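Residue-level structural notes
Chain residues, written in single-letter form:
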Amino acid sequence: MAQLTLDKLNKRYGESAQVIKSIDLQVNSGEFIVIVGPSGCGKSTLLRMIAGLEDISGGGMYIDGAYVNDDTPSERGIGMVFQSYALYPHMNVYENMAFGLRLAKLPADEIARRVEESARILQLEPLLKRKPKDLSGGQRQRVAIGRAIAREPKLFLFDEPLSNLDAALRVQMRMEIAALHRRLGSTIIYVTHDQVEAMTLAQRIVVLNRGNIEQVGTPLELYDHPANEFVAQFIGSPKMNLMPATLLTAGATESVVRLWNGKELTVPIPTPASAEGTKVKLGIRPEHIEWGSVADAPYLADVLFVEHMGNETYHYLDSGNLGEPWVVRNPHRSAVAPGDTVGYLLPPEHCHLFDDSGKSFERRGGGAVAMRVPGMDAPAISFAEPMRTNVIH
Ligand SMILES: Nc1ncnc2c1ncn2[C@@H]1O[C@H](COP(=O)(O)OP(=O)(O)OP(=O)(O)O)[C@@H](O)[C@H]1O
Ligand SMILES: [Mg+2]
């Protein structure tokens, strides 16, 4: 177990732009941290800096309080699984996993125990004698994970370790990695761009964007209280809908916005008086939009397309010239078809508000506040009811 501190960490490649921009992060001993962010945001670079494979351009890095900027990778006691798993082509699976342990001059029986245990965990036992070229991509990835596990490091770094696995194996490996974390109690920093992996594995998630940390928090903190539009749209799938609005009346407990269609909506979100009259965005997740009857609902939209997932249905509503379609998630099967017009509601207690720069106006009290706006709420229709009755054809 190791504690890791990053203090204003910077990375610049030559004269090119800064790739990591003054990152502060404290990873607690035994913690499972997941770093998420879009391609190119600096995830692998940050991980390689922690591992000692990339020079640090500025700032300090500490493991258990000791300054390690100048330590070699092996001195840092870190096991890393790379995005491009570099296996030794001339060694078989067993030898690949044992190599680092032999270098460290561990006794032969200890090497055998660790390699066999790693192979068992990762279901590699039947493949131990094969060379990497005779393995599938997913199998090679598991060998790379096994090689790191066998080293029993105090800090594990994983760079997208499951990206080459099929969906079923990915779920299984996710559980194996979670179990491994519980069993070894090691500190894990895990990089992925898959937000489902982040939500399911992390104790805390770090959202990285263009070399900056946008927000750090537990999966549900980020989901319920995204600090800004970027986090709001990055965490959660399908992503949060954003609708243009103007802040009409600011308030200490609630605010009134005028939406793109001229309707007013009161939301239980405090805003400062200085923001009155400014452009804002109303955010609402696909699972929080409710259907209303076409006759009474405050909002109507044409359905562009419908995705039937079996266990749930996604409806993509035409947002006119406002940008991307808005998505409504129905947790049941749906008879709504493309070309239909539907009525819908935006429950105020599930709405988020973002200012012109994308920063979130924080909701009060941590949880959802049950509040309805008189006159704005047509009776909501349960998702379980047949939808055709609420549709204009
Ligand atoms: N050796 C290098 N010289 C110059 N720029 C580099 C170098 N290595 C990486 N970069 C740049 O740094 C940025 C971050 O790269 P990095 O590999 O850390 O991204 P990432 O978040 O891991 O992306 P992905 O999800 O695609 O793996 C990219 O813009 C990349 O082009
Ligand atoms: Mg990467």
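This structure is a prediction, so every number in the text was calculated from the model and none was measured. (Residues numbered from 1 in each chain as written. Chains lettered and ligands numbered in written order. Predicted model: local features only at pLDDT ≥ 70, side-chain atom pairs only at ≥ 80, totals over all residues.)

**Looking at the overall build of the protein chain**
Defined as follows: Strands here are runs of E lasting at least two residues and helices are runs of H or I lasting at least four, both read from the DSSP assignment and numbered beginning at the N terminus. In this scheme every C-beta is placed from the backbone, and a residue whose C-beta has 20 or more other C-beta atoms within 10 Å is buried, one with 12 or fewer is exposed, and one in between is partly exposed.
The helix and strand tally for the protein chain stands at eight helices and 22 strands. Referenced to the eigenvectors of the C-alpha coordinate spread, the extents of the protein chain come out at roughly 75 × 45 × 35 Å. Burial analysis of the protein chain (393 residues in total) assigns 38% to the buried set.

**Notes on the sheet that holds strand β21 (residues 360-361)**
Put simply, the rule is: For two strands to count as paired, DSSP must find a minimum of two bridges between them.
One open sheet accounts for six strands, arranged β13-β12-β11-β14-β20-β21; its pairing is antiparallel. Single-partner strands in this sheet number two, and they are β13 (264-267) and β21. Pairing of strand β11 (residues 241-249) with strand β14 (residues 279-284), which is carried by six bridges, proceeds in the antiparallel orientation. For N241, the partnering residue across the bridge sits in β14 and is I284.

**Let's talk about the sheet that holds strand β4 (residues 58-63)**
Just so we agree on the cut-off: The contact criterion used here is simple: two residues whose C-beta atoms, placed from the backbone, lie within 7 Å are in contact. Angular values range over 0 to 180 degrees, each being the angle between N-to-C directions of two axes fitted as lines to C-alpha atoms, with helices fitted over their stretch in contact.
As summarised here, the arrangement of the four strands in space is β2-β1-β4-β5, forming an open sheet in which the pairing is antiparallel. The sheet terminates laterally at β2 (18-27) and β5 (66-67), the two strands that pair on one side only. Each of β1 (4-12), β2 and β4 touches helix α1 (residues 43-51); the most contacted strand, β2, lies at about 60° to it.

**Quick look at the nonpolar core**
Note the following rule: Take the buried Ala, Val, Leu, Ile, Met, Phe, Trp, Tyr and Cys residues, join any whose C-beta atoms are within 7 Å, and the set you get is a nonpolar core. A domain assignment, automatic or from a database, supplies the domain bounds used here.
Judged by nonpolar contacts, the single largest core of 97 residues is most densely connected at I33, V34, I35, L157, I189, Y190 and Y344. Considering every element that reaches this core, the biggest residue donor is helix α4 (residues 137-150), with six residues. When residues of this core are assigned to domains, at least three map to each of domain 1 (4-230) and domain 2 (284-392). Excluding residues within four positions of it along the chain, I33 makes contact with V27, I188, I189, Y190, A202, Q203, R204 and V206.

**Description of the site of ligand 1**
Where we set the bar: Residues are counted as near a molecule or strand when the C-beta atom, derived from backbone positions, lies within 6 Å of that molecule or strand. In the scheme used here, Gly and all other residues not listed as nonpolar or charged are polar, with Ala, Val, Leu, Ile, Met, Phe, Trp, Tyr, Cys and Pro taken as nonpolar and Asp, Glu, Lys and Arg as charged.
As a matter of local geometry, ligand 1 sits amid 13 residues, with Y13, S39, K43, S44 and T45 nearest to it. Residue contributions to the shell around ligand 1 peak at three residues, all from α1. Broken down by class, the residue content of the shell around ligand 1 amounts to three nonpolar, nine polar and one charged.

**A few points about the packing of helix α2 (residues 93-103) against helix α3 (residues 108-121)**
As a reminder of what qualifies: Under this scheme an angle from 65 to 115 degrees is roughly perpendicular, one under 35 degrees roughly parallel, and one over 145 degrees roughly antiparallel; angles in between are oblique. The sense of a crossing depends on the near helix, which, turned anticlockwise from the far helix by less than a right angle, makes the crossing left-handed and, turned clockwise, makes it right-handed.
The contact between α2 and α3 brings their axes to 10 Å, and the two run at 135°. With respect to their mutual orientation, α2 and α3 come out oblique. Between α2 and α3 lies a crossing whose hand is right-handed. From α2, Y94, M97, A98, L101 and R102 reach across to α3, where they touch I111, R114, V115 and S118. For the contact of α2 with α3, a count of residues per class yields six nonpolar, one polar and two charged.

**Considerations on the pairing of β11**
Taken together, the four bridges between β11 and strand β12 (residues 255-259) define a ladder with antiparallel strand orientation. The residue bridging A245 from the neighbouring strand is L259, located in β12. In textbook terms, the turn of a hairpin is the stretch between consecutive antiparallel strands, and for β11 and β12 this stretch comprises five residues.

**What about the pairing of β4?**
Both β1 and β4 contribute to a ladder of five bridges, which runs antiparallel. When the sheet's bridge partners are listed, N10 is paired in β4 with G58. Between the antiparallel neighbours β4 and β5 lie two residues, among them D64 with a positive phi of about 50°.

**Details of α1**
Buried within α1 are the following residues: K43, S44, L46, L47, M49 and I50. Downstream of α1 by one or two residues, G52 has phi in the positive range, about 95°.

**Notes on the domain arrangement of the protein chain**
Domain assignment breaks the protein chain into domain 1 (4-230) and domain 2 (284-392). Measuring from the centre of the C-alpha atoms in domain 1 to the corresponding centre in domain 2 gives 39 Å. Taken residue by residue, the interface counts six residues in domain 1 and seven residues in domain 2. Looking at side-chain class alone, the side of domain 1 that touches domain 2 contains three nonpolar, two polar and one charged residues.

**Structural notes on the packing of α2 against α4**
Where α2 meets α4, the axes come as close as 8 Å, and the angle between the chain directions of the two elements is 30°. Classified by the interaxial angle, the pair formed by α2 and α4 is roughly parallel. For the crossing formed where α2 meets α4, the hand is right-handed. Residues V93, N96, M97, G100 and L101 of α2 form the contact with α4, whose own contacting residues are V143, G146, R147 and A150. Here the residues of the contact of α2 with α4 are counted per class, giving five nonpolar, three polar and one charged.

**Some words on the environment of S186**
For S186, the position within the fold is in the loop between α5 (167-184) and β8 (187-192). With 155 residues separating them along the chain, S186 and E31 place their C-alpha atoms 7.3 Å apart. Each residue touching S186, except ones within four places of it in the same chain, is listed here: M1, P153, K154, L155, F156 and H181.

**Here we look at the confidence of the model for the protein chain**
The line we're drawing: pLDDT: the predictor's confidence for each residue, scored from 0 to 100.
Of all residues in the protein chain, 92% have pLDDT values of 70 or greater, and the mean over the chain is 88. The low-confidence segment residues 365-390, where pLDDT is below 50, has 46 contacts with residues more than four positions distant or belonging to other chains.

**Concerning unusual backbone geometry**
Geometrically, the link from S237 to P238 is a cis peptide bond, its omega value of -10° lying close to zero. Looking at the element boundaries, P238 is found in the loop between α8 (229-234) and β11. Not every positive phi belongs to a glycine, and Q123 is a case in point at roughly 55°. Relative to the elements of secondary structure, Q123 occurs in the loop between α3 and α4. A residue is classified by how many C-beta atoms lie within 10 Å of it, and Q123, with 15 of them, is partly exposed. Positive phi outside glycine occurs at R210, with the angle close to 50°. As for its position among the elements, R210 is in the loop between β9 (204-209) and β10 (212-217).

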